[in-house]
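# Examining the three-dimensional arrangement
The primary structure of each chain is shown beneath.
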Amino acid sequence: AQTVAKKHLPDHLKAQHLDFGISRIGLKQILIRDIRLGDDLYADSAELVYTIKNLKTVKLQKLIVSGLRLTFDVQEDKKIKFNTFVFPNEGKNKNKSNPALNVQDLDRIASFIPSQIRVKNSIVKIVHNEDNVPIPFDILAAVDPKGKDIGIKAVLNPMGQTLTIN
């Protein structure tokens, strides 16, 4: 299954060196392990819980990501690098009015978004020169079935302090 999944990846993900293993596939869930996208994104596991309505319809119910580790490198010019992406991007496309994602795109992908998303036991690491600031975090998101509303609770623990955002 993992060979077939990797074969059908979009080219831009293949270029980012996406790698993963599939531990379990069942009638109601799939467990993906050791997910890596370049050097700056790693997750211990991702569990997708779904229902199969018929041979052509699968509805994602829940996504649980555990052990997510993100690394952002703050460069000398104050730009932020994540894998090969640099923010803000001031390249050739900066003056184009063509957005990367528009409202029509959101309507099309809304049906694929699970109604519950949980990211647990995770860390975002901010690196600048030799300084390294790890920020542990957990996120719980509940998505309206029509994709119109999202409720999010994030708990961050920067430098031993707890910050809850609703």
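Going by the structure above, here's the rest.
All values derive from a computational prediction rather than experimental measurement. (Residues numbered from 1 in each chain as written. Predicted model: local features only at pLDDT ≥ 70, side-chain atom pairs only at ≥ 80, totals over all residues. Heavy atoms only, no water.)

### Here's the deal with the side chain of Ser66
Spelled out, the test is: Strands here mean DSSP runs of E at least two residues long; helices mean DSSP runs of H or I at least four residues long; both are numbered from the N terminus. Here's how the labels work: a residue is buried when its accessible area is under 20% of the maximum for its type, exposed when over 50%, partly exposed in between, all with a 1.4 Å probe on protein chains only. Residues are treated as being in contact if the distance between any of their heavy atoms lies within 4.5 Å.
Take Ser66: it is sitting in strand S4 (residues 57-66). Residue Ser66 is classed as buried on the basis of its relative accessible area, which comes to 14%. Aside from chain neighbours lying at most four places away, what touches Ser66 is Ala43, Asp44, Ser45, Lys120 and Asn121.

### Quick word on the environment of Gln61
Within the secondary structure layout, Gln61 lies in strand S4. The partly exposed category is assigned to Gln61, whose relative accessible area is 29%. Beyond its immediate stretch of four places on either side in the chain, Gln61 contacts Val49, Tyr50, Thr51, Pro114, Ser115 and Gln116.

### Structural notes on the pairing of strand S5 (residues 69-74)
Test applied: Paired strands are those between which DSSP finds at least two bridges.
Both strand S3 (residues 41-54) and S5 contribute to a ladder of two bridges, which runs antiparallel. If you follow Tyr42 over to S5, its bridge partner there is Arg69. Across five bridges, S5 lies against strand S8 (residues 116-128) in parallel orientation. Residue pairing in the sheet places Asp73 in a bridge with Val127 of S8. Where S5 and strand S6 (residues 80-82) come together, two bridges link them in antiparallel fashion. By the bridge assignment for S6, Val74 is matched with Ile80. Here S5 hands over to S6 after five residues, with Lys78 in that stretch at a positive phi of 70°.

Read these as geometric descriptors, not functional statements.
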